[in-house]
Amino acid sequence: GAGVSQSPRYKVAKRGQDVALRCDPISGHVSLFWYQQALGQGPEFLTYFQNEAQLDKSGLPSDRFFAERPEGSVSTLKIQRTQKEDSAVYLCASSLGYKRGGPRTDTQYFGPGTRLTVL
Amino acid sequence: QQQVKQSPQSLIVQKGGISIINCAYENTAFDYFPWYQQFPGKGPALLIAIRPDVSEKKEGRFTISFNKSAKQFSLHIMDSQPGDSATYFCAARRGPSGSRLTFGEGTQLTVNP
């Protein structure tokens, strides 16, 4: 089955290192989301892409966080100068996207996440 | 600001019992309310969802009850099974695709055999 895939599944970084997390959405999905899930908490929104355009980045916690989706498919979330508080699971989700006149319930499908631990 | 509050934090039920998880929201602009199920090491998976124009939706053993005036909604799992043991998240969204999901804090459900 071609679900959302993420890599790496686990990443350990030393404080101050840069990391890059990859998301492969479901083929044909226009919308792509990144969420951050702290231990024992619900996911929190980071950013949203519609195709290659980043339409909402209001959830990014600092300017150390950067996301891109240059060709409208694969997306990368980059965290520069990682800090201990960045330790979390980073989830990617994709959805078909809104079509005028289409159904308004647009399901977001989540990947398994990347667990980032910053030492 | 906690826009979606979920309770209880953890829940233990016996096999065959009914599991009930509650959520309350603040933003009246929310118009889509999904429930997600998450197993350890996996991403959340959509279980069932409801829009505020209906008061109840049932899919198999899972039912959402929605009270628009009270700004509350709940998930009922009938005939709970050990395989239902997971973390459940309620969520809310305003607007169509492209809108973020706002999640509750989660409920860890354990169903004992």
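Now for a description of the structure that goes with this document. Just so you know, these numbers come straight off a predicted model, no measurement behind them. (Residues numbered from 1 in each chain as written. Chains lettered and ligands numbered in written order. Predicted model: local features only at pLDDT ≥ 70, side-chain atom pairs only at ≥ 80, totals over all residues. Heavy atoms only, no water.)

Quick notes on the pairing of strand 8 (residues 75–79) of chain A
All names here are of chain A. Most of strand 8 sits out of view: 4 of its 5 residues are buried. In this structure, strand 3 (residues 19–24) lies alongside strand 8, joined through 5 bridges in antiparallel fashion. Directly across from A20, in strand 8, lies its bridge partner K78. Pairing analysis gives 4 bridges linking strand 7 (residues 65–68) to strand 8, with the strands arranged antiparallel. Looking at strand 8, one finds that F66 is bridged to K78. (Buried < 20%, exposed > 50% of the residue type's maximum accessible area, 1.4 Å probe, protein only. Helix = DSSP H or I, 4+ residues; strand = E, 2+ residues; numbered from the N terminus. Pairing = 2+ DSSP bridges.)

A closer look at the pattern of salt bridges
Here the structure, examined in full by the defined rule, presents 7 salt bridges over all chains. Note that A:E68 and A:K78 form a salt bridge whose closest N and O atoms lie 3.4 Å from each other. Pair noted here: A:E68 is in strand 7 and A:K78 is in strand 8, with a separation of 10 residues, a long-range link. Under the relative-accessibility criterion, A:E68 is labelled partly exposed at 26%. Accessibility expressed as a relative area gives 31% for A:K78, which makes it partly exposed. Here B:D31 and B:R51 are joined by a salt bridge, their closest N and O atoms 3.5 Å apart. One end of the pair, B:D31, is in the loop between strand 3 (19–25) and strand 4 (33–38); the other, B:R51, is in the loop between strand 5 (45–50) and strand 6 (56–59), and 20 residues separate them in sequence. We classify B:D31 as buried; its relative accessible area is 14%. (Salt bridge = Lys/Arg side-chain N within 4 Å of Asp/Glu carboxyl O.)

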